[in-house]
Number of protein chains: 4
Amino acid sequence: MTATRFFSDNAATVHPVVMDALVAANRVDTAYDGDAISQSLDAAFSDLFETSCEVVWIATGTAANSIILAHFVRPWQGILCYEEAHIEVDECGAPSFYSGGAKLMTLPGSGAKIDAGALRARIAGIRQDVHQVQPAAISITNATEYGLAWRPQEVGAISEIARSSGMKLHMDGARFANAVAHLGCAPADVTWRAGVDALSFGFTKNGAMMAEAIVFFGGSGGAGVRELKKRGGHLLSKGRFVAAQIRAMLADDLWLTNARAANAGAAALAAACHSRLMYPVEANELFIRLTAEESAKLRAAGFDFYDWGEGAARLVVSWDQDAQAVAPLAAAISAL
Amino acid sequence: MTATRFFSDNAATVHPVVMDALVAANRVDTAYDGDAISQSLDAAFSDLFETSCEVVWIATGTAANSIILAHFVRPWQGILCYEEAHIEVDECGAPSFYSGGAKLMTLPGSGAKIDAGALRARIAGIRQDVHQVQPAAISITNATEYGLAWRPQEVGAISEIARSSGMKLHMDGARFANAVAHLGCAPADVTWRAGVDALSFGFTKNGAMMAEAIVFFGGSGGAGVRELKKRGGHLLSKGRFVAAQIRAMLADDLWLTNARAANAGAAALAAACHSRLMYPVEANELFIRLTAEESAKLRAAGFDFYDWGEGAARLVVSWDQDAQAVAPLAAAISAL
Amino acid sequence: MTATRFFSDNAATVHPVVMDALVAANRVDTAYDGDAISQSLDAAFSDLFETSCEVVWIATGTAANSIILAHFVRPWQGILCYEEAHIEVDECGAPSFYSGGAKLMTLPGSGAKIDAGALRARIAGIRQDVHQVQPAAISITNATEYGLAWRPQEVGAISEIARSSGMKLHMDGARFANAVAHLGCAPADVTWRAGVDALSFGFTKNGAMMAEAIVFFGGSGGAGVRELKKRGGHLLSKGRFVAAQIRAMLADDLWLTNARAANAGAAALAAACHSRLMYPVEANELFIRLTAEESAKLRAAGFDFYDWGEGAARLVVSWDQDAQAVAPLAAAISAL
Amino acid sequence: MTATRFFSDNAATVHPVVMDALVAANRVDTAYDGDAISQSLDAAFSDLFETSCEVVWIATGTAANSIILAHFVRPWQGILCYEEAHIEVDECGAPSFYSGGAKLMTLPGSGAKIDAGALRARIAGIRQDVHQVQPAAISITNATEYGLAWRPQEVGAISEIARSSGMKLHMDGARFANAVAHLGCAPADVTWRAGVDALSFGFTKNGAMMAEAIVFFGGSGGAGVRELKKRGGHLLSKGRFVAAQIRAMLADDLWLTNARAANAGAAALAAACHSRLMYPVEANELFIRLTAEESAKLRAAGFDFYDWGEGAARLVVSWDQDAQAVAPLAAAISAL
């Protein structure tokens, strides 16, 4: 299946090391998040990010994003984001549900990056009264919904606006590993050092089974976060099995190894369809121009992927698909 | 640890067969609940319950209860339940969160069973106007919070009231397996045949890792259920790993085997502390009179359990603790 | 109608002085709460309460209570109150709606006053974890739902508990005027000086048309209150007409004059049915033992009132019913 | 003030006939909406609209819009509307609050009218899965936020799309009277006959004090509406005073008379600044090009109005401002 599955990395297999970690966690029997593995997350991420972190494991990225945003805004406030952000178009309104009705306030962008100038203008256009929803947080996705990696200085430009307006900055990192693998920077550089207050650090797409980390930097977490998680039905009684996945992903930088593999696969694929690329390929997603006829041909050959509007398609390479695994698709595209 | 862990079955180990099922599910790579395992749940439960079922896997019992209740009531309505029901005292208000603010309307009970007469009186006392919250669902727990099994005819008495008042009947079955193991009846007998509209069928406490089934009978599910799940952040991208746990628990009646083991362990323990029992032991929980001094002695000997108010304690036996595993505790209690 | 209407003071007429104030307010044309009358409320109440107040006009008591409570608690927290409190049984779940699902946690009481000892025990019984809802506010009603006035020292006993547990204390003062008229104390004595953080000060039942004041003491208001009001659809564009009612009620202590009249009427009525009284009559409500036959006789004679369960009735005297107005009912009861 | 107040009709005076109605309503003393005036609304609007209507009075347009929309959509669904619709930009998120988090899904438009083609394309672009919010209602404003009147056939084009997609159609009629006055059609023609399911019929801006009618056509109201109103704190105990305002506005077509006066004033003003108009003037609002310098001059002369972005201004004429009242402003603009 690794030779034909390009519709999403969220269906990829679980890395053997993670499976082993689950077996190991079965020797522990402490409930909820009272176990040693769960309790070790703060320290593990603090090491990784070179600063004190407050970390909460959670089973899905939708829950991670929603809990962070609900923690940052009150029900009558707003969240500024890109108009095609995952939180806006693919979470069935979860951020609004968790926050008690906060409004997503969308902005256009290029390659799914909101523009600092447009953001500033949007904020300036909001009347400071009770009639208009006042934004209290900004959310960006790294890697973006179009597979681009936010640079530290780009994040900094957004966080500067957030700071000056008294807003929090959230980073949806469903593919954070792929972004960091591309940037080659320290995880800290593109997060808290660039002004990010909280990160949804995704592991599920990158080799875990169901494991994401909510990471708060600079004391931005605190009272209420665990209540939101419990209240959402996300406090697993055998929570050690989620914590264990995360620890396994962090050990020996497995998260980075996996992301590099996926990125390499994507790069190999990109080389085969360079003239079709709609965006530079920086992470593990390709958006390519593809006619309906061409799509049909690829599908007939067994390849599975999503159409992306008319005349375009999205190809996602997963951690378990290296350059060799993508070769058949690369050849098929070249042959079109 | 199986010799000393009596604080909760929700910390028990995962059954090896379930672990194997996870490994097997790693060979599939379909996203969300589009995989064959997830898709097979309706049929599997329809077989087990001898009627057409609509089934949704979910990671926690809190989410299962909340989604069912949110599906049955509107935000301005109420849910009648026992005053110490799990949904009332142990879910951080999750049913209210999912339902948009529906009110839990509590009733006293004996052994955590609400009384049909008291229920009828309570309903009769509610004015039929917009000032008072009108209940639209009743929730009972089987086995109850005090370890008793609702008999089919007892459930029938409650469901008759529900029907005549236009309410839905929900059964929180976090320990449904233990109740059925005790009753020796068909699962259908104590659920839909007795008038239950939906069941939270728990597997996590009984040998799974994180897997519960939301089971709708008689067409009580339908539009909105999957949206509630997604919106709550409970649609796992690799959902096959939850579905696989449930299928493993259903295969060869593992759920029943495990529950019988836990019940047997509890019965063995009960024999050792008969004079201390506050409730008959029908499932896998014991509530016993125990002085602070006695508690301290047992804890000093390494046993782990919860105090239950003053002068009482709760002992929970898990699927991985048979009569032999409980022998040390039984002896220690006898020796007090 | 003043001779026969005893079912509620919330249906009473509007005082002529309030009607005149509406006519006068029609000469102003500033929108929302930007007008001078609205802007004068902080100062007017600060004078009355001898301390700095933050005041927000609102059209109903349900909205006043809900906005204060939603301001004091987060969605996952709770509100401790008497089990028959208006917020619990007569507001269709509005506090839960405004707060995003906060739980009302009820306590028994005598004459609708919760007992400090029982309150302390209840709080002590709540486990400090994320599973149980943690209360963040206490709400009491003055005069109570059974027509009793909380004494300053009684309020103080409750507020001491609130303070020591980090909770806010709310007073539902739908009949605050009647309580103060009975106590003969300064409004401050039974509110902030006794530890109350916010008061729903009712005027509608006491001669206004639709006007209640949300009064925050000691800086307990602030950011978010006005958003809750606007978001609830309670910011009237011609808000001056609500503010004007309140100013009219405060001028020359009309609120106290009206409350004294109602209380005097109630006292006169109480004298006629002394042996029937279920509670001392301190404000403007009487709860009396009355057989179904007796109720029928009074109704046949034209008197309108509510049954209060079996064998009991509630009689409410309004500001526009003095001792003379209640004489016919007093005579009818005496003659039973 | 009628000579200088052009910032909004929501600050206008109350018509004397409405004031008289309030005085008359003070002779009634029935609580909530049990009085004869409240009870007469269904019939009165059924007459006006030539069809059976279910009507609920409410104090604000924000509450009217929110209750209708919350009745039409579930929390996980969406509401399609113009990107600058009042419900989107001026209600502090109230529709989301009342609906439990439903998403406003915005569309561009011309003169604040959404385009049928763009609407169709938008709906077609939504994937039919649980990840994307599915819209369940469309909301349009008549007269629009830019002072244009929707024609019956334009409404029909939108309602046809709503029907074919199983959505409800809501009309925000804060200035419905002004639209009807301009169109010269029957109220039915531009509402239910054109496919509108529910109307927020505004009276406050048009001569009432605080009175709007929620009008359901074709049985689109029903269970839940009154609970939403009570739960929002909008059921006034002396509700007759709101119902009375509405009856006064309906009597002798006062609503139409007032709207015609305001429209006439606006037309007179439009004649004076024809070359500056950004939109045709169909109702009582003008949007004109005005430099900062010109604005300053008008303000220095005492005129009060809102800037509308850079180089533009909004002028609103109220029912109490006839052609004569607007003459000074007309002259001042001409003299610029």
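What you see is a predicted model; the values in this text were computed from it and never measured.

Calculation rules
All residue numbers refer to positions counted from 1 along the written sequence of the respective chain. Chain letters and ligand numbers both follow the written order, the letters beginning at A and the numbers at 1. Owing to the predicted nature of the model, reporting of local features is limited to residues with pLDDT of at least 70; listing and counting of side-chain atom pairs is limited to 80 or more, with chain, interface and lining totals taken over all residues. Neither water nor hydrogens contribute to the side-chain values; these are computed over all heavy atoms in the structure. The rule is short: rings of Phe, Tyr and Trp, with Trp giving its six-membered ring, pair when the centres are within 6.5 Å, and they are stacked under 30 degrees, edge-to-face over 60, tilted in between. Numbering of helices and strands starts at the N terminus; helices are DSSP runs of H or I of at least 4 residues and strands are runs of E of at least 2. Think of it in three bands: with a 1.4 Å probe and only protein chains considered, a residue is buried below 20% of the maximum accessible area for its type, exposed above 50%, and partly exposed in between. The atoms used to superpose the copies are C-alpha atoms, taken from residues with pLDDT of at least 70 in both, and the fit is least squares. Working rule for contacts: check all heavy atoms of both residues, and any pair within 4.5 Å makes them a contact. Residues belong to one nonpolar core when they are buried, are Ala, Val, Leu, Ile, Met, Phe, Trp, Tyr or Cys, and are joined through side-chain atoms within 4.5 Å. Boundaries of every domain are those given by an automatic assignment or by a domain database. Note: buried area is the sum, over both parts, of the accessible area (probe 1.4 Å) each one loses when the two are combined. For this classification, the nonpolar set comprises Ala, Val, Leu, Ile, Met, Phe, Trp, Tyr, Cys and Pro, the charged set comprises Asp, Glu, Lys and Arg, and every other residue, Gly included, is treated as polar. UniProt positions are given in the numbering used here, feature names are shortened, and annotations may be inferred rather than shown by experiment. When a carboxyl oxygen of Asp or Glu is within 4 Å of a side-chain nitrogen of Lys or Arg, the pair counts as a salt bridge. Polar contacts, as used here, are pairs of N or O atoms within 3.5 Å; protein pairs need one atom able to donate a hydrogen and one able to accept it. Residues neighboring in sequence count only if both atoms are side-chain atoms. It is the directions from the helix axis to the C-beta atoms that the arc portrays. Two strands qualify as a pair provided that DSSP identifies no fewer than 2 bridges between them. Working convention: axes come from line fits to C-alpha atoms, limited for helices to the stretch in contact. Angles between N-to-C directions cover 0 to 180 degrees. Angles are sorted into four bins: roughly parallel if under 35 degrees, roughly antiparallel if over 145, roughly perpendicular if 65 to 115, and oblique for all others. Left-handed describes a crossing whose near helix is turned anticlockwise from the far helix through less than a right angle; right-handed describes the clockwise counterpart. pLDDT is a per-residue confidence score from the predictor, ranging from 0 to 100.

Some thoughts on the packing of aromatic side chains
Residue and element names in this part refer to chain C. Taken as a whole and assessed by the stated rule, the structure comprises 78 aromatic pairs over all chains. Measuring from centroid to centroid gives 4.8 Å for Tyr 146 and Phe 287, while their planes differ by 70°, and the two rings are edge-to-face. Taken together, the positions of Tyr 146 in the loop between strand 6 (134-141) and helix 8 (152-164) and Phe 287 in strand 10 (residues 285-289) put the pair 141 residues apart, joining distant regions of the chain. For Tyr 146, a relative accessible area of 7% corresponds to the buried category. Look at Phe 287 and you get buried, because its relative accessible area is 2%.

Overview of the relation of the copies chain C and chain B
It takes a turn of 180° to lay chain C on chain B, together with a shift of 0.0 Å along the axis; the resulting RMSD is 0.0 Å. One copy is carried onto the other by what is essentially a two-fold rotation axis. Every residue of chain C has its C-alpha some distance from the rotation axis, and the shortest such distance is that of C:Gly101, at 2.2 Å. By residue overlap, the copies meet face to face through one surface: 100% of the interface positions of chain C are interface positions in chain B.

Things to note about the nonpolar core
Ranked by size, the top nonpolar core spans 201 residues in total, and within it C:Phe45, C:Phe201, D:Phe45 and D:Phe201 carry the most contacts. Residues in contact with D:Phe201, not counting those within four places in the same chain, are D:Phe45, D:Leu48, D:Phe49, D:Gly173, D:Phe176, D:Glu212, D:Ala213, D:Val215 and D:Trp255.

A few points about the domain arrangement of chain A
Residues and elements named next belong to chain A. Domains assigned within chain A are domain 1 (16-253) and domain 2 (259-334). The distance between the C-alpha centroids of domain 1 and domain 2 comes to 27 Å. Contact with domain 1, which involves 18 residues of that partner, is made by 15 residues of domain 2. When residues of domain 1 are sorted by the area they lose upon contact with domain 2, Tyr 146, Arg 175 and Asn 178 head the list and together hold 38% of the total. With four residues, the single largest contributor to the side of domain 1 that touches domain 2 is helix 9 (residues 176-183). Of the residues contributing to the side of domain 1 that touches domain 2, the split by class is seven nonpolar, seven polar and four charged.

Considerations on the UniProt feature "domain: Aromatic amino acid beta-eliminating lyase/threonine aldolase" (unreviewed entry) in chain A
What UniProt calls "domain: Aromatic amino acid beta-eliminating lyase/threonine aldolase" (unreviewed entry) maps, in this numbering, to residues 6-287 of chain A. Between the C-alpha atoms that bound residues 6-287 of chain A the distance is 12 Å, and the span itself is 40% helix and 17% strand.

Some points on the interface of chain A and chain B
Between chain A and chain B, the contact holds 47 residues from the first and 47 residues from the second. For the chain A and chain B pair, buried surface summed over both sides reaches about 3,900 Å², with 60% attributable to carbon and sulfur atoms. Taken as a group, A:Phe97, A:Arg231 and A:Lys238 account for 20% of the area that chain A buries against chain B, more than any other trio of residues on that side. At the surface where chain A touches chain B, the tally comes to two salt bridges.

Regarding the side chain of C:Glu285
All names here are of chain C. For Glu 285, the location among the structural elements is in strand 10. Reaching out from Glu 285, the side chain makes a polar contact with the side chain of Arg 175 at a distance of 3.4 Å. In this structure the side chain of Glu 285 is engaged in a polar contact, spanning 3.2 Å, whose partner is the side chain of Arg 314. In contact with Glu 285, other than residues within four places in its own chain, are Thr 144, Glu 145, Gly 147, Arg 175, Ala 266, Arg 314, Leu 315 and Val 316.

Brief notes about the interface of chain C and chain B
Contacts between the two partners involve 16 residues from chain C, matched on the other side by 16 residues from chain B. Summed over both partners, the interface of chain C with chain B comes to about 1,300 Å²; 40% of that surface belongs to carbon and sulfur atoms. Of all residues in chain C, the largest losses of buried area upon contact with chain B belong to C:Asp90, C:Cys92 and C:Lys103, amounting jointly to 36% of the total for that side. Counting the contacts that link chain C with chain B gives four salt bridges.

A look at the side chain of C:Arg314
Within the element layout of this structure, C:Arg314 appears in strand 12 (residues 312-316). A relative accessible area of 10% places C:Arg314 in the buried class.

Considerations on helix 14 (residues 323-334) of chain B
Residues and elements named next belong to chain B. Within helix 14 the residues assigned to the buried category are Ala 325, Val 326, Leu 329, Ala 330, Ala 332 and Ile 333. Along the axis of helix 14, the buried positions cluster into a sector of 160°, meaning they face one direction only. Packing partners of the buried residues in helix 14 comprise helix 12 (254-272), strand 10 (285-289), helix 13 (292-300) and strand 12 (312-316).

Describing the sheet that holds strand 7 (residues 168-173) of chain A
Adjacent strands of a sheet pair through backbone hydrogen bonds, lying either parallel or antiparallel. Residue and element names in this part refer to chain A. Ordered by their spatial adjacency, seven strands build an open sheet running 1-9-8-7-6-2-3, and the pairing between neighbours is mixed. What marks the edges here is a single partner per strand, and that holds for strand 1 (53-58) and strand 3 (103-107). When the angles between neighbouring strand axes are averaged without regard to direction, this sheet yields 25°. When strand 6 (residues 134-141) meets strand 7, the two strands line up parallel, connected through five bridges. Each bridged residue has a counterpart across the sheet, and for Ile 138 the counterpart in strand 7 is Leu 169.

Let's talk about unusual backbone geometry
For the bond running from A:Asn142 to A:Ala143, omega is -5°, close enough to zero to count as cis. Along the chain, A:Ala143 turns up in the loop between strand 6 and helix 8 (152-164). Phi is positive for B:Tyr32, which is not a glycine, with a value near 60°. Of note, B:Tyr32 is situated in the loop between helix 1 (16-25) and helix 2 (36-39).

A few points about the packing of helix 3 (residues 41-49) of chain A against helix 11 (residues 240-250) of chain A
Residues and elements named next belong to chain A. Relative to each other, helix 3 and helix 11 sit at 25°, their axes nearing to 11 Å. Put simply, helix 3 runs roughly parallel to helix 11. Handedness of the helix 3/helix 11 crossing: left-handed. From helix 3, Leu 41, Ala 44, Phe 45 and Leu 48 reach across to helix 11, where they touch Ala 243, Ile 246, Arg 247 and Leu 250. Residue classes in the contact of helix 3 with helix 11 are distributed as seven nonpolar, no polar and one charged.

Some points on the pattern of salt bridges
One pass over the structure, following the stated rule, counts 64 salt bridges over all chains. The partner of A:Arg276 in a salt bridge is A:Glu294, with the nearest N and O atoms 2.9 Å apart. Within this pair, whereas A:Arg276 is found in the loop between helix 12 (254-272) and strand 10 (285-289), its partner A:Glu294 is found in helix 13 (residues 292-300), the two being separated by 18 residues in sequence. Of the two residues, A:Arg276 and A:Glu294, both sit in the buried class. The residue D:Arg5 makes a salt bridge to C:Asp29 at a minimum N-O spacing of 2.6 Å. Highlighted residues: D:Arg5 in the segment before helix 1 (16-25) and C:Asp29 in the loop between helix 1 (16-25) and helix 2 (36-39), drawn from two different chains.

Here we look at the environment of D:Ala211
Residues and elements named next belong to chain D. By secondary structure assignment, the location of Ala 211 is in the loop between strand 8 (198-202) and strand 9 (212-217). In this structure, the C-alpha to C-alpha distance between Ala 211 and Ala 244, residues 33 residues apart in sequence, is 9.0 Å. Beyond its immediate chain neighbours, meaning those up to four positions away, Ala 211 contacts Ile 58, Ala 59, Gly 202, Phe 203, Thr 204, Val 242, Gln 245 and Ile 246.

Some remarks on the confidence of the model for chain A
Per-residue pLDDT for chain A averages 96, and the proportion of residues at 70 or more is 100%. For this predicted complex, the interface confidence comes out at an ipTM of 0.97, alongside a pTM of 0.98.

Notes on the pairing of strand 2 (residues 77-82) of chain C
All names here are of chain C. Burial analysis of strand 2 places five of its six residues in the buried class, which makes it a mostly covered element. The sheet contact formed by strand 2 and strand 3 (residues 103-107) spans five bridges and is parallel. Across the sheet, Ile 79 pairs through a bridge with Leu 104, a residue of strand 3.

Digging into helix 3 (residues 41-49) of chain D
Helical geometry note: an α-helix holds 3.6 residues per turn, so side chains three or four residues apart project in the same direction. Listed as buried for helix 3 of chain D are D:Leu41, D:Ala44, D:Phe45, D:Ser46, D:Leu48 and D:Phe49. Trailing helix 3 of chain D by a residue or two, D:Glu50 shows a phi angle of about 55°, which is positive.

Considering the sheet that holds strand 6 of chain C
Residues and elements named next belong to chain C. Taking strand neighbours across the sheet as the criterion, the seven strands line up as 1-9-8-7-6-2-3 in an open arrangement whose pairing is mixed. Only two strands of the sheet have a single neighbouring strand rather than two, namely strand 1 (53-58) and strand 3. Taken pair by pair, the neighbouring strands of this sheet meet at an average axis angle of 25°, ignoring direction. The sheet contact formed by strand 1 and strand 9 (residues 212-217) spans six bridges and is antiparallel. If you follow Ile 58 over to strand 9, its bridge partner there is Glu 212. Strand contacts of helix 3 (residues 41-49): strand 1, strand 8 (198-202) and strand 9, with the helix running at about 120° to strand 1, the strand carrying the most contacts.

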